[in-house]
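# Remarks on the overall topology
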Amino acid sequence: MGSRRDRNLYRELRCAGLLLCSGLFAFPIQAQTPHNEELMKFTGQPGRRGGRLVLALRSEPKTLNPIVAMDEPSREVIGVMQADLVHINRASQLTEPALAKSWKISADGLRYTLRLRSGLRFSDGQPMDADDVVFTFRVYLDESIHAPQRDLLIVGGKPIEVRKVNASTVEFLLAKPYGAGERLFDGIAILPRHLLEKPYLEGKLAQYWPLSTPAIQLAGLGPFRLKEYVPGERLVLERNPYYWKVDEKGTRLPYLDEVDFLFVPSADAQVLRFQSGETDIITQLGAENFSVLSRQERGFTMTDAGPGLEFNFLFFNLNGLPSGASAETARKRAWFNSVKFRQAVSAAVDREAIVRLVYQGHGTAIWGPVTPGDHRWIEAGIKHPPRAIERSLELLREAGFSIGNRSKGDRTLVDHEGVPVKFTIVTSASNADRLKMATLIQDDLKQIGMQVQVVPLEFRSLLDRVMQSKDYDACVLGLASYDTDPNSDINIWLSSGGTHLWNPSQTHPATAWEAEIDRLMEQQLTALKFAKRKKIYDHVQELLAQNQPMIFLASPDVLVGAKNKIGNFHPAVIEPYALWNIEELYHRNDGASTK
Amino acid sequence: MRYLARRLLHAIFLLLGASLLTFFFTALAPGSYVDEMRMNPQISADSIAALKAQYNLDKPVPIRYAMWLRSVANGNMGFSFAYDVPVGPLLLMRARNTLVLTITATLLAWIIALPLGIWSAERSGHWPDRTITWITGTLLVIPDIALALGFLELAVRSGWFPTGGMVSIGFDSMTLAEKLKDLGAHMVPPVSVLVLAAQPLLIRHVRAAMREEFGKGYVRAAEAHGISKKRILWRYALPGAANPLISLFGFSLGALLSGSLLVEIVTSWPGLGPLLLEAILARDLYVVTGGILISTVCLVGGNFIADVMLYWADPRIRKKETAE
Amino acid sequence: MTIRRTLAAWLLFTGSLHLIVICAGFLAPYDPAEQDREHPYSPPMVIHFVDAVGHFHLRPFTYLLKPSANAFDSFEANTTQPVPIHFLVAGARYKLLGILPLRRHLFGGGRGRIYLFGTDGYGRDILSRILYGGQISLFAGLLATALALFFGTSIGCCAGYFGGWTDDILMRGAELCLALPWLYLLLGLRAFLPLSVSPIGAFFLIVAVVGTLGWARPARMIRGVVLSAKERDFVRAARGFGASPVYLLWRHVLPETWSVILTQAAVLAPLYVLAEVTLSFLGLGVPEPTPSWGNLLSSLQHYSVLVSYWWMYFPAVAMVPFFIGYLGLASSLQEWADPAKIEA
């Protein structure tokens, strides 16, 4: 921190200053913690202050208001400017204290008592206390605001209740015990009451904090605060001087002075910018671009962070038949509803080729929704059968299908009435990876005699078909869990769920195994111990593997790249992949490669 | 004057018809922007219904068209679902980018094509004519898409030009000279493609028009009188050929907004073309209708300007009108 | 050369190019949808006559490519395994002209693979895909041309012959069609229509869309011809004799329009082939795995492909000879039809 002489000089000056100003100022000028802040200690590699980080965003954020933000760029920027009570550490995938320094869960699992760090201040210098927390949750839970977070805060059908105990303690009351209770708080940004209460009471909160807001009207508890916004070009954030973390040496985080978000609309343009050195970090890379960049690593290193949480799958239309459906539709629906049919398709798919050709090896074949990236929840016992055409044909024979030879030498699969098996797979036209997967599957299924057409649809038309009109045969889609906990995807597995893709929003479970999955998911929702929940969820995974409503294909690795001078760069497999520890990133002064 | 009034009315009729057609086409397409929100399990059905109502997507199509027409008359072209901004400013900004490209390209194309066409017509049958015809023939057979992709490959391999986009990062902080240089470098591939693609048509038409004039009696008479070639060209032949040339120029003007769609998409130039493609794929109704409308306005306007210029330049048209 | 000779030469040239494409089954070594998952993005193989040791072989050969150690997309020639090129080999089944089932191909690699133009991301042979893709693109363009000319001629004849209100309305309609930016309207219309299940359906859809949008320009030209033909003496005479309008149009007026129709056909055909290519390029045309020149080029929109795999550019080069043929045909047709008005 400087030589002994400097420190002495500093002390002298300080005393002189105190004497001078004691009568004039209401509070001391000392730079140490005047408010007795309880800061969080960062135990990783300490870095040095200074430097600017330049990043690319796929599109301009639409807002800086956490209550309204639904699109990804907005959430990414807001995530850097705001903080939550309990945070999920992206590297360990476990919860850790954030604004709340500790918490207690009552024995019945219904009451969570959180103790806040005292003495913390917002980025504009105003103090933060329990009133802000209560106000925050009041806003999120307000029905007239339609905040996207509201749905997350409803447990057991009822919104959680928030009560202030004292200035640094808040109590949360749940209607039913919730196994993943602590994880509820991750991403719920604590809002400044001193700025937002007035617009909230006037009913104008949803329009507040657009991108054009002047910096002094914004406040948050995140590591950075807004410095300037240039429409169409960039968004610049600067260090929040009141950030509540320090490193082991006592230096207040974040290390970086500034973060620049540039708006670069296409993936290819982002690759170009990164390659030319204009941006420092690149994430959400496709495998092909990753290869291109890996070939010439000049001053930067490309990292394969390992399997992510995205899982891609093929699913069939298992909805009930609409009235007036044609005989052809009825026949196809009957094929799809046969478990052996689906198992046969699963046995015929060449997952290794998908990993090789679509992800260029940077991916893993999966047979269930939990990818190897989720190391806590993955069920090791699920079978991973390799591709076996013979097994597939055998299953089809058992299901009543038979295979014949056409004149051209291709096999044709026919059902028990002699009708050849033909159907279409729809997929999103804008996602090149899934299109490729669908084309590979089409070729695979040709080997067992099925004639498949791949129909790329515009994404919104695709969604319309799958969720609304239910007018499709099969579909290749992918989903990326935003958390490793299975509750984040619960709407997929519950038969009443809106994203229960193969037969959404059922009033009663259509099959016995779906009913069983419903029961199990409800059970693990309220179970409190991890071991118990895991056992239940393993059972769910096994049911999925047996009945194959979704034929799981592959999961891409998280591919990122960063300049060598960025220290503490530890990409994670959960979003935000590279920025989750942005307050720890710093500029190395050696600049040498880390290999 | 009546002639002009008639042409103006004609233009307005075309615009109305175009807007009707495009609005109905896009409105009948399935799927809408809010469907994407449905895929996100965090967002409830209520929020989505609220959004749908906010954008008026639940009213029948003719009413939506009427509402849109009324707001356009007020200068408000609707709201973009995807970008969450009013359509007008969005379109204008992108149109400005397109115009930067196409105005440069059109000017350059004409500056190159006019002298070449005239030269080719003068030396008809000799080697300048033959070379030029050969070159334009070659250019004509290379499709736009091959040219654009070819230039992109060249840019990527040689590194001489940036491979896409309009400006580099940090454009705002550059000096004026640097800005011009940066913009210029980015413009080279798309402008080259547009200029090259336009040459064959322009040169051939110019040549044909000039040849026709050169063959006429009064030019021969002027030659016989010993008037210099230069004077004949500037004072006699060119004004005579003005009619088809001005029509051609009107056509060039009209294509300012719509002619560069493919080139913009391939070179990632942030103009009207990529915006429209994106909006079509995203079913962003008002952007699509707005985009087609302004490019139709440009097309119709270009032809109208050509009509005005013709009226002013060609006394025969004025004569015809007074004779009617 | 006389005009007749030039015309014949161009016809021969264009015709043989089309013949090559029609015989795609015979000339292409592989089925266009056949994937070779071991060799995605493999570069074009060079034909050698002299091997690594320096011996000369009469039968040309290429080298098998083996994947490089580290990446999935780089290959090196395996000089220990030459693949001799056999001619008239038996290969994938195909139907010549859609009727004759055959198995013979012009050349092939026997047990080894020959990729003269390289492979794409699925390991499919690009040469085969260019040939088969040509079938789709050219056929779509020509069919659309026929459709546009059919509509254009009918409407032009009606407008020119009947005149009055019919003429006004039809010509206003034509102007409206011409006033809209063509490509924009094409995209919009295509995107609005549902994507059909089969490639055949998509193919006919493209033909219909392109063809129906294209009637305006030929209609105007035909109308001009009809207007002048209407006033000809022999037509007036026939009318005086009591001939019905249909008879007049069919017997007397239409023959006058032939030259215009033919010239327009040669001018429009490349335009419509290009329209199909553009639609497929933008992803709104013929779907996978059916090849079309457009969707063969669409992967070039990705920077990684542009930078790494230069042989994906071949389909663009393949289009050029066809356009040369069409252009030559158009200009010689124009000369032949109207020798007085030598255009270029």
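Everything here concerns the structure above.
A brief report on the enclosed structure follows. Source: prediction; values computed, not measured.

Now for the sheet that holds strand β6 (residues 111-116) of chain A. All names here are of chain A. Judged by pairing direction, the sheet is antiparallel, and its four strands sit side by side in the order β5-β6-β10-β9 without closing on themselves. In the strand order of this sheet, the two ends are held by β5 (100-105) and β9 (161-166), each with one partner. Here the average twist between neighbouring strands, direction ignored, is 20 degrees. Of the strand pairs in this sheet, β9 and strand β10 (residues 169-173) are connected by five bridges, and their pairing is antiparallel. Each residue of the ladder has a partner; that of Arg163, found in β10, is Glu171. Helix α3 (residues 130-141) contacts β6, β9 and β10 of the sheet and is inclined by roughly 170 degrees relative to β9.

All right, on to the sheet that holds strand β23 (residues 474-480) of chain A then. All names here are of chain A. Spatially, β22-β21-β23-β17-β24 is the arrangement adopted by the five strands of the open sheet, whose pairing is mixed. Because the sheet does not close on itself, it has two edges, and the strands there are β22 (451-457) and β24 (550-552). Taken pair by pair, the neighbouring strands of this sheet meet at an average axis angle of 30 degrees, ignoring direction. Taken together, the three bridges between strand β17 (residues 310-316) and β24 define a ladder with antiparallel strand orientation. Residue pairing across strands places Leu314 opposite Ile551, the latter belonging to β24.

Here we take up the nonpolar core. With 328 residues, the main nonpolar core has Phe315(A), Ile425(A), Leu553(A) and Ala148(B) as its most contacted residues. Looking at which element gives the most residues to this core, the answer is helix α3 (residues 126-162) of chain C, with 15 residues. When residues of this core are assigned to domains, at least three map to each of domain 1 (29-130) and domain 2 (132-337) of chain C. Here Ile425(A) is in contact with Leu314(A), Ala438(A), Ile441(A), Gln442(A), Val452(A), Val454(A), Ala474(A), Cys475(A) and Val476(A), once residues within four sequence places are set aside.

Our focus in this paragraph is the environment of Ala269(C). Residues and elements named next belong to chain C. Residue position: Ala269 is located in helix α9 (residues 245-281). Given 25 C-beta atoms within a 10 Å radius, Ala269 is considered buried. Dropping the residues within four chain positions of it, Ala269 is found in contact with Gly141, Leu142, Thr145 and Tyr326.

So, about the interface of chain C and chain B. A common way to express how large an interface is: the accessible area buried when the components associate. In this assembly, 31 residues from chain C lie in contact with 35 residues from chain B. Among the secondary structure elements, those contributing two or more residues to the side of chain C that touches chain B are α4 (164-179), α5 (182-192), α9, α11 (303-308) and α12 (314-337) of chain C. Top element by residues in the side of chain C that touches chain B is α5(C). It accounts for seven residues. Residues belonging to the side of chain C that touches chain B are distributed by class as follows: 27 nonpolar, two polar and two charged.

Here is what the cut-offs are and how they apply
Residues numbered from 1 in each chain as written. Chains lettered and ligands numbered in written order. Predicted model: local features only at pLDDT ≥ 70, side-chain atom pairs only at ≥ 80, totals over all residues. Pairing = 2+ DSSP bridges. Helix = DSSP H or I, 4+ residues; strand = E, 2+ residues; numbered from the N terminus. Axes fitted to C-alpha atoms, helices over the stretch in contact; angles between N-to-C directions. Contact = placed C-beta atoms within 7 Å. Core = buried A, V, L, I, M, F, W, Y, C linked by C-beta atoms within 7 Å. Buried ≥ 20, exposed ≤ 12 C-beta atoms within 10 Å, placed from the backbone. Domains from an automatic or database assignment. Nonpolar A, V, L, I, M, F, W, Y, C, P; charged D, E, K, R; others polar.

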